[in-house]
Amino acid sequence: MERGGPRMGTPAAARRAEQPEGGRWRLRWGDLGRALLALAGGTCGVLLASWLLPGFAVANTWQAVVVALLLLVAGLVLRPFLVWAAVLTGWVGAVLLGFFGQALLLWLALAAALGEEAGFFTTLVASWIIAAVSTLVAWVATAGTDDAVTSQLLGRAHRSPQRVPDPEIPGIVFIQADGVPFPVLDWGVRAGTLPTLTRWVRGGSHKMVEWRPALPATTPASQLGILHGTIDGVPAFRWVDRELGRTLVANQPGDAAVIERKHSNGRGLLADDGVSVSNLFTGDAPTALATMSAVGRSQETRQTREMISTFLARPNGWARSLSRSISEIARERFQSSQARRRDVRPRVHRGWSFTLERAAINGVLRDLNTTLVGEAMLQGKRSIYVDFVDYDTVAHHVGLMQPEALSALEGIDAVLGHLERLSAVTPRPYHLVVLSDHGQSQGEIFEDRYGEGLAELVARLSDARVHSAYDNAEGTGALTSMVGGAGDPETVMGRAMSRASARLAEHAETLASGTSARPAAEEHAFEVFGSGNLGLIYVAGAGQRLRLDELVDRFPALVPGLAAHPGIGFVVVDTAEHGPVVLGAEGEHHLREGVVTGIDPLRGFGPEAPEFVLRAASMPEAPDIYVNSLVDDFGEVAAFEGLVGCHGGLGGWQDRAMLVWPAELPPPPEMITGADALHRVLVGWLEHLGHRRDL
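Rules behind the numbers
Residues numbered from 1 in each chain as written. Predicted model: local features only at pLDDT ≥ 70, side-chain atom pairs only at ≥ 80, totals over all residues. Heavy atoms only, no water. Core = buried A, V, L, I, M, F, W, Y, C linked by side-chain atoms within 4.5 Å. Buried < 20%, exposed > 50% of the residue type's maximum accessible area, 1.4 Å probe, protein only. Helix = DSSP H or I, 4+ residues; strand = E, 2+ residues; numbered from the N terminus. Contact = heavy atoms within 4.5 Å. Salt bridge = Lys/Arg side-chain N within 4 Å of Asp/Glu carboxyl O. Phe/Tyr/Trp six-rings, centres within 6.5 Å; stacked < 30°, edge-to-face > 60°. Pairing = 2+ DSSP bridges. Axes fitted to C-alpha atoms, helices over the stretch in contact; angles between N-to-C directions. Parallel < 35°, antiparallel > 145°, perpendicular 65-115°, else oblique. Left-handed = near helix turned anticlockwise from the far one by under 90°. Nonpolar A, V, L, I, M, F, W, Y, C, P; charged D, E, K, R; others polar. Patch = residues over 30% accessible without salt bridge, like charges linked within 9 Å, V, L, I, M, F, W, Y side chains within 5 Å. Areas by Shrake-Rupley, 256 points an atom, 1.4 Å probe, with all protein chains shown as cover.

Peer 1: Whenever I open this one, the nonpolar core confuses me. Can you help?
Peer 2: One broad rule of soluble globular proteins: the nonpolar side chains tend to lie buried together. Ranked by size, the top nonpolar core spans 62 residues in total, and within it F174, I226, L269, V613, L659 and W685 carry the most contacts. In terms of residue count, the dominant contributor to this core is helix α23 (residues 675–688) (eight residues). Not counting residues up to four positions away in its chain, the partners in contact with I226 are W211, L269, Y385, L435, D437, A675, L678, H679 and L682.

Peer 1: I would appreciate a short explanation of the pattern of salt bridges in the present structure.
Peer 2: Two side chains bearing opposite charge may form a pair once their charged atoms approach each other closely. Here the structure, examined in full by the defined rule, presents 24 salt bridges. Between K381 and D273 there is a salt bridge; the shortest N-O distance is 3.7 Å. With a gap of 108 residues between them, K381 in the loop between α13 (352–378) and β7 (383–388) and D273 in the loop between α10 (253–263) and β5 (274–277) connect regions that are remote in the sequence. E404 serves as the salt-bridge partner of R350, at 3.0 Å between the closest nitrogen and oxygen. Of this pair, R350 sits in the loop between α12 (315–342) and α13 while E404 sits in helix α15 (residues 403–422); the two residues are 54 residues apart in sequence, bridging distant segments of the chain. Accessibility expressed as a relative area gives 5% for R350, which makes it buried.

Peer 1: Looking at this model, I keep getting lost on helix α9 (residues 219–228). Mind explaining?
Peer 2: Every α-helix carries 3.6 residues per turn, so stepping three or four residues along brings you back to the same face. Burial of α9 is extensive: ten of the ten residues sit out of reach of the surface. All buried positions along α9 are accounted for by T219, P220, A221, S222, Q223, L224, G225, I226, L227 and H228. Two residues or fewer after α9 comes G229, characterised by a positive phi angle close to 80°.

Peer 1: Just to check I follow, could you spell out the packing of aromatic side chains for this structure?
Peer 2: The description of an aromatic ring pair rests on the distance of the ring centres and on the angle between the ring planes. Overall, the coordinates contain seven aromatic pairs when judged by the stated rule. Taking the centre distance of 5.9 Å and the plane angle of 55° together, the rings of F529 and Y538 count as tilted. With relative accessibility at 3%, the residue Y538 sits in the buried group. An angle of 90° between the planes, with centres 5.1 Å apart, marks the rings of F570 and F605 as edge-to-face. Linking F570 in strand β14 (residues 568–575) with F605 in the loop between β17 (595–598) and α22 (609–617), this pair joins segments that are 35 residues apart in sequence.

Peer 1: What exactly am I supposed to notice about the sheet that holds strand β1 (residues 171–177) here?
Peer 2: Strand pairs in the sheet, formed through backbone hydrogen bonds, run parallel or antiparallel to each other. With mixed pairing, eight strands are arranged side by side in an open sheet as β6-β5-β7-β1-β8-β20-β2-β21. In this open sheet, the two edge strands, each paired with only one partner strand, are β6 (287–289) and β21 (672–673). In this structure, β5 lies alongside β6, joined through three bridges in parallel fashion. Among the inter-strand pairings, S276 is bridged to a residue of β6, identified as A288. Where α15 meets the sheet, it contacts β1, β7 and β8 (430–435), and its direction lies at approximately 170° from that of β8.

Peer 1: How do you make sense of the packing of α9 against α23 when you look at a structure like this?
Peer 2: What describes two packed helices is the angle between their axes and the distance between those same axes. Interhelical geometry of α9 versus α23 gives an angle of 30° and a closest axis separation of 7 Å. Classified by the angle between their axes, α9 and α23 sit roughly parallel to one another. Crossing of α9 over α23 shows right-handed handedness. Residues A221, S222, G225, I226, L227 and H228 of α9 form the contact with α23, whose participating residues are A675, D676, L678, H679 and L682. A breakdown of the residues in the contact of α9 with α23 according to their chemical character gives six nonpolar, four polar and one charged.

Peer 1: Sorry, what's going on with a nonpolar patch on the surface here?
Peer 2: Together, L48, W51 and L52 make up a nonpolar patch on the protein surface, roughly 360 Å² of accessible area in all. Along the polypeptide, L52 turns up in helix α2 (residues 29–52).

Peer 1: Hey, could you run me through unusual backbone geometry in this one?
Peer 2: Excluding glycine, residues mostly have negative phi values, and the peptide bonds linking residues are mostly trans. In the segment running from L215 into P216, the intervening peptide bond is cis, with an omega of 5°. Take P216: it is sitting in the loop between β2 (206–212) and α9. For D273, which is not a glycine, the phi torsion comes out positive at approximately 55°. The phi dihedral of D343 falls on the positive side, at around 55°, and the residue is not glycine. Following the sequence through the fold, D343 ends up in the loop between α12 and α13. The exposure class of D343 is partly exposed, given its relative accessible area of 40%.

Any functional reading would require information that these geometric values do not contain.
Okay, here's the thing in structure tokens:
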């Protein structure tokens, strides 16, 4: 291993020598150590449960050791059968396995050791006490490191190493730290609060650079560009597809599949033996796990379900993740009350829906994603791309630099350390590349600043009914894809879970789009969507994009009123004479000719703003009116969604993404502009390592 980073490029002969011939199982000292540690933790848990629970009693310490030993043996023998049963029944079986599997094993161990049966409830509570104590003992024994997720993977890799036909070709794991702006990464590395990334960058094994996502700075556009090499056809997080005659929402499984079919050419980033984990799109990966556009793949869903069930079956897996989720709930309720007490600004309401979302994403989902990536590495897959939404989700609700958001980023940094350790025992060497799909900006939301939301403003200026949708559901989408990815269409229960996933998606979209600014008796004239501080206004039923003169004829006060509003930085409309034109309160910018009259509305939005806006406004999917909020003297914006941290438009740090790459790979251009350009850089690295020769 090179100083400061993962093992890179170990010669093939040396790597084969590290593996036992024929992949035979062998006992290692580490296995014995882990077994003794598990026995010690189980014994302590049995003793504590015996002390706490009246109906659960062991006579002495020796009897507690016997119960713990039998519990370990029962787990080794019976857990594979429990996993098999869970695989057949989908998420319901996996969750039941997580909650009750350990209790069943404990009941059998008690019957064998003591010849008596405890009550169901007592056994269930005792099993959770034992699992929690075992996790705590393992955590203390490893000096407080957070290695429970990878310890089982490491042990299995040592016992039964896999082989690949081309171990001399290094693989790449692309870890997307969703929504992390380059300045936040830079600050974390300078301050040392991200230990793994700091060690890599300061040690010289990795370099970091800023890159610039194009407008819109949002996950669907950026991931489509990174994974499939195109940023066309995605004007925001949700939009009206005039060709299909309906609204597309990128984090809905059916819509994500439609978007990918339109833009995939079969040569995506992961087309060569790649694995997609928890993304919106597959990148043409042969294996897609918990990926939104591939929820319907039955073969991959079975593989996902098997991996998830194996993870949930381990007492230190499910118990650890659930306990951490409960801890996240307690932390969130305390921190949100502290934010109110201290009057932290900007601030939004942080209710129970966000509390549970944060707990699931920072608890169970992070561990599941790490497990899925680790499994793919142990199988020797050539390329893996995973999206961790931890920081993005939390920063949306608390701000970019608040302790809650930085703690989520530190959790992703810890995952990098786990994957680095795991790369030492994989059948091929791996490079770890860390990137964000976009940055984030923050500020007080538009409605709080000005007393009305964008939909209400449009309704007032046009005197027409408006249907609006500007709630963010990126984090919910990650959970939806994980639930949907575990349904088996060949089973009744699997079909039920698929329907549950669809209902979750429908519920999220209902919450996001169930508002109107005029009485329901009148048919709405506008569809208004918010994507961060970027607003999209469609004239309902138009069928084609309306130009400025048509808009003025039908709604005379609308465009002038939007352009003159103090909270709006600029408005983009199409014209017959000049094409897309940017309008502001004191000037206009003709994008194709580059002619500015008065004060440039794009002043203060960056040197790339004219190019970015022209490209976005020229797409057939572009709305009749694009609206971008102001950027104030603090560099803050006003989101049309109810979020403190946002992305989608221009202004602030949302178009300042980050990339951390191994120093031994060819350096990227001085400034990468656009996710499609980043795609070409990543593909170049794969080709440099010997990938994609057979595509």
